[in-house]
Amino acid sequence: MADHETDEPSSRTGSPDGEGRVSGERLLLHQRLAVRELIDTELSYLHMLRLCASDIRSCLQQLPQGDLDVLFSNIDDVIKVNSRFLHDLQETASRKEEQVHLIGNLFLECHEELERVYKVYCASYDQALLLLDTYRREPELQREIQSIIEAVVPQAGPSGLSFLLVIPLQRITKYPLLLQKILENTVPDASAYPVLQRAVSALQDVNTNINEYKRRKEVASKYTKVEQLTLRERLARLNTHTLSKKTTRLSQLLKQEAGLVPRTEDKEFDDLEERFHWVSLCVTEMKNNVAVYLDNLEAFLRFRPQEYDLDIPGGPVVQHCSLMRDLQLQAFPHFKQRLKGLVWQPLCSLAKALAGPQNLIKKRLDKLLDFERVEEKLLEVGSVTYEEQEARHMYQALNSLLVAELPQLNQLATRWLGQILRTFVGLQRELAQQVLQRAEGSLAQLPHYHLSEPAFRKLVEDTLGQTGHQLRSFQENFEKVLPPPTMQPLLPGAERQVQALLSRYGPEKLYQVTSGVSGAGTLDLTLPRGQIVALLQNKDTRGNSSRWLVDTGGHRGYVPSGKLELYRVIPRQEEVKEREWPHKDSRHLTPEPTPAPVPSVPVVTQVVAVYPFVARSSHEVSLHAGQLVTVLEAQDKKGNPEWSLVEVNEQRGYVPSSFLARAGSPAPWGWSVPS
């Protein structure tokens, strides 16, 4: 009895301790099982990733490389990160007492790197699924892919490749659950408990950020598509909803320009956009310059002087022709091919890659106007509709995506452009070295080979300077003696009308119509190109200076002032001769018989066109200044010597006689080629 009494309090006091000890051991057991599950599933997961990256991807080489990049995305980066993570996870097993604490710290250290690689994979997952849908429409290809998957991973079953591609998404979402399970089996007063709490929260944030990044990418992919639409296709897309949105945005923009509502300022984005704009401008300019360079290279390769018979016997000429033939057939075509492959094509790819972000930046402006309007309504009313809230979130997603990725894009594009420039310079250097090597044997036969490089450079500069001076003198003399007429000559039969206007109004009032005028109003005139008119008033009755009142010699009315140019009266050759050779005093001359009238252009076989002339009818023929012309008749059919019938380029027609001069006489030209 005594023993029983002494045992009773002992059993009462020992029961809670025993239960607590059993409960603690149960928690510890479940905790170790949860840790073991984390490590074992991580090992199995990594093994599956390696199968995808090595065995399966290598067996699907019949697919285009672009398809493989979409399907497997950045799986290599995922494997690299998870391999390090698994290694560190297995290392914690050697320290049983601190293992849970170490696992919590490991997740805290790795969560940013896990987010970085998994968000890229998850963002491209939907595109991979679309690609798999296209494969299902090709039964033979689908069967081939399915057989490969079943041979490597039998447990994939009929899901095939989609079963494997979804595994990384499932794994990143399972990390918070596995940590939560470890946390639930850890006593709250343990030192590892707060660490595990932070790790669970960090992994939950990782999944939230990945989902947000995926949503932004979907928005970006929607607006980065650059479509080349015709006007009809654009009009077909217009509807009431679209017109309403565009009208609202325009109204918001006008209110901002008028200063009625404030404009949202975002200096961070503005700086990034300006940087992107300059990068895009540099790429465009570089692309245009390389295109011109390639065109000039094409023209250079088409010009082959070595194929012409220079009628110079042997010696350096033959060696030079041989060298040029070698360069034209080998060195320069090889350089052109490398230039296109290493410079032009990467430059086009870079310009194409920047088109999407450019479109996205434009869309951001539209969404910013929507956002500002919604914010304004939210301040006034206090609530917005679901559609307006969605527009608000759309702008925030676009803006966050651009602010996050524009710095990397600017840096990458700048580096890419710099590499293209370095490649271009390297190709030029290699071409120069190759040409010098091939020409090494021919250099000794050059006339100035013995000169040093500075002396040869000075010789070239002096020669070019002297030649340039001769060309400038030639140009000045040509422009001084032959000022090109700005007006077309008159049509045959119009001289009488011009003389009447000239005698009535004077030469300063005469204007010529530069292009056809079609009168639209009752007082507007319809005039052909080349018509001579006299200016009556340089404005209409309302004071509009763009409509002038003119007289054609028969009708008066208004014509656009922009289609009139001051007419410079071309004197007849007889008048010019009278001015050049004034009559001497008749008292000192013996009377001479009056000579017969001489045509303005002597009947000779060859004359030269002094001025350019544009034919205005089928009876006329066009001329270029300096062109050789054969005169058939020195007058027209009515005997008018101011027009001559000529033949040029196997075409016959009339041209103004005053536009022609003797081919052998230097008098009309007044200049000679500088020696």
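Since we're looking at a predicted model, the values are computed, not measured. (Residues numbered from 1 in each chain as written. Predicted model: local features only at pLDDT ≥ 70, side-chain atom pairs only at ≥ 80, totals over all residues. Heavy atoms only, no water.)

### Re the overall build of the protein
A count of helical and extended segments in the protein gives 18 helices and 10 strands. In the protein, which comprises 675 residues, the share counted as buried stands at 34%. Counting contacts in the protein only where the partners sit at least 6 residues apart, residues at least 24 apart contribute 69% of the total. Looking at the protein as shown, the accessible area adds up to about 42100 Å², and 55% of this sits on carbon and sulfur atoms. (Helix = DSSP H or I, 4+ residues; strand = E, 2+ residues; numbered from the N terminus. Buried < 20%, exposed > 50% of the residue type's maximum accessible area, 1.4 Å probe, protein only. Contact = heavy atoms within 4.5 Å. Areas by Shrake-Rupley, 256 points an atom, 1.4 Å probe, with all protein chains shown as cover.)

### Remarks on the packing of aromatic side chains
Tallying each qualifying case throughout the model produces 11 aromatic pairs. The interplanar angle of 65° and the centroid separation of 5.6 Å between the aromatic rings of F107 and Y175 together place this pair among those described as edge-to-face. On the criterion of sequence distance, the pair formed by F107 in helix 4 (residues 99–123) and Y175 in helix 8 (residues 167–184) is long-range, its members being 68 residues apart. Here F107 matches Y175 in class, with each residue buried. On the numbers, 5.5 Å between centres and 80° between planes, the contact of Y511 with W548 is edge-to-face. In this pair, Y511 sits in strand 1 (residues 510–513) while W548 sits in strand 3 (residues 547–551), placing the two residues 37 residues apart along the sequence. Residue W548 is classed as buried on the basis of its relative accessible area of 16%. Of the aromatic side chains, those joined through ring pairs into one cluster are Y611, F613, W643 and F659. (Phe/Tyr/Trp six-rings, centres within 6.5 Å; stacked < 30°, edge-to-face > 60°.)

### Considerations on the sheet that holds strand 1
Either a parallel or an antiparallel arrangement is found when strands of a sheet pair, and the pairing is made through backbone hydrogen bonds. The strand order 4-3-2-1-5 describes an open sheet built from five strands, whose pairing is antiparallel. The open sheet has two edge strands with one neighbour each: strand 4 (556–560) and strand 5 (564–566). Strand-to-strand twist of the sheet, defined as the mean angle between neighbouring strand axes without regard to direction, takes the value 50°. Direction of pairing for strand 1 relative to strand 2 (residues 532–537): antiparallel, over a ladder of three bridges. Each residue of the ladder has a partner; that of Q512, found in strand 2, is I532. Lying on the sheet, helix 17 (residues 495–505) is in contact with strand 1, strand 2, strand 3 and strand 4; it crosses strand 2 at an angle near 25°. (Pairing = 2+ DSSP bridges. Axes fitted to C-alpha atoms, helices over the stretch in contact; angles between N-to-C directions.)

### Notes on the sheet that holds strand 8 (residues 643–648)
If you trace the five strands from one edge of the open sheet to the other, you get 9-8-7-6-10, paired in antiparallel fashion. Only two strands of the sheet have a single partner each, and these edge strands are strand 9 (651–656) and strand 10 (660–662). Adjacent strand axes in the sheet meet at a mean angle of 45°, parallel and antiparallel pairs treated alike. Pairing of strand 8 with strand 9, which is carried by six bridges, proceeds in the antiparallel orientation. Paired with E647 across the two strands is R652, which belongs to strand 9.

### Let's talk about the pairing of strand 3
Counting buried residues along strand 3, four of its five residues qualify, which places the element largely inside the surrounding structure. Pairing of strand 2 with strand 3, which is carried by three bridges, proceeds in the antiparallel orientation. Looking at the pairing, Q537 lines up with L549 of strand 3. Relative to strand 4, strand 3 is paired through five bridges, and the arrangement is antiparallel. Pairing of L549 across the sheet is with Y558, part of strand 4.

### Things to note about the confidence of the model for the protein
On average, residues of the protein score 80 in pLDDT, and 82% of them are at 70 or above. In this model, residues 579–603 is a region of pLDDT below 50 whose contacts with residues beyond four sequence positions or in other chains number 16 contacts. (pLDDT = per-residue confidence, 0-100.)

### Considerations on the packing of helix 4 against helix 8
Interhelical geometry of helix 4 versus helix 8 gives an angle of 160° and a closest axis separation of 11 Å. One element, helix 4, and the other, helix 8, form an angle in the roughly antiparallel class. When the axes of helix 4 and helix 8 are compared, the crossing they make is left-handed. Contacts between helix 4 and helix 8 involve V100, I103, F107, L114, Y118, Y121 and C122 on the former and, on the latter, P168, L169, I172, Y175, L179 and I182. (Parallel < 35°, antiparallel > 145°, perpendicular 65-115°, else oblique. Left-handed = near helix turned anticlockwise from the far one by under 90°.)

### A look at a negative patch on the surface
Together, E265, D270, E273 and E274 make up a negatively charged patch on the protein surface. Its place among the elements puts E274 in helix 12 (residues 267–302). (Patch = residues over 30% accessible without salt bridge, like charges linked within 9 Å, V, L, I, M, F, W, Y side chains within 5 Å. Salt bridge = Lys/Arg side-chain N within 4 Å of Asp/Glu carboxyl O. Lys, Arg positive; Asp, Glu negative; His and termini not counted. Charge placed at Lys NZ, Arg CZ, Asp CG, Glu CD.)

### Section: unusual backbone geometry
Backbone geometry places S73, a non-glycine residue, at a positive phi of 45°. Position of S73 relative to the elements: it lies in the loop between helix 2 (65–72) and helix 3 (75–91). The class of S73 is partly exposed, set by a relative accessible area of 22%.

### Considerations on helix 6 (residues 139–152)
Side chains of residues three or four places apart in an α-helix project in the same direction, reflecting 3.6 residues per turn. With 14 residues, helix 6 should cover 20 Å at 1.5 Å per step; its first-to-last C-alpha distance of 20 Å lies within 8% of that length. Every buried residue of helix 6 is accounted for by L141, I145, Q146, I148 and I149. One side of helix 6 carries all its buried residues, which in axial view fall inside an arc of 160°. Residues of helix 6 that are exposed and point more than 90 degrees away from the buried face comprise E140, R143 and A151. (Expected span 1.5 Å × (residues − 1). Arc of directions from axis to C-beta.)

### Details of the packing of helix 2 against helix 5 (residues 125–136)
Where helix 2 contacts helix 5, the axes come no closer than 8 Å and their chain directions differ by 130°. In terms of axis orientation, helix 2 runs oblique to helix 5. Like other packed secondary-structure pairs, helix 2 and helix 5 cross with a definite hand, here left-handed. Within the contact between the two elements, helix 2 uses D67, V70 and L71 and helix 5 uses Q127, A128, L131, L132 and Y135. A class-by-class count of the residues in the contact of helix 2 with helix 5 yields six nonpolar, one polar and one charged. (Nonpolar A, V, L, I, M, F, W, Y, C, P; charged D, E, K, R; others polar.)

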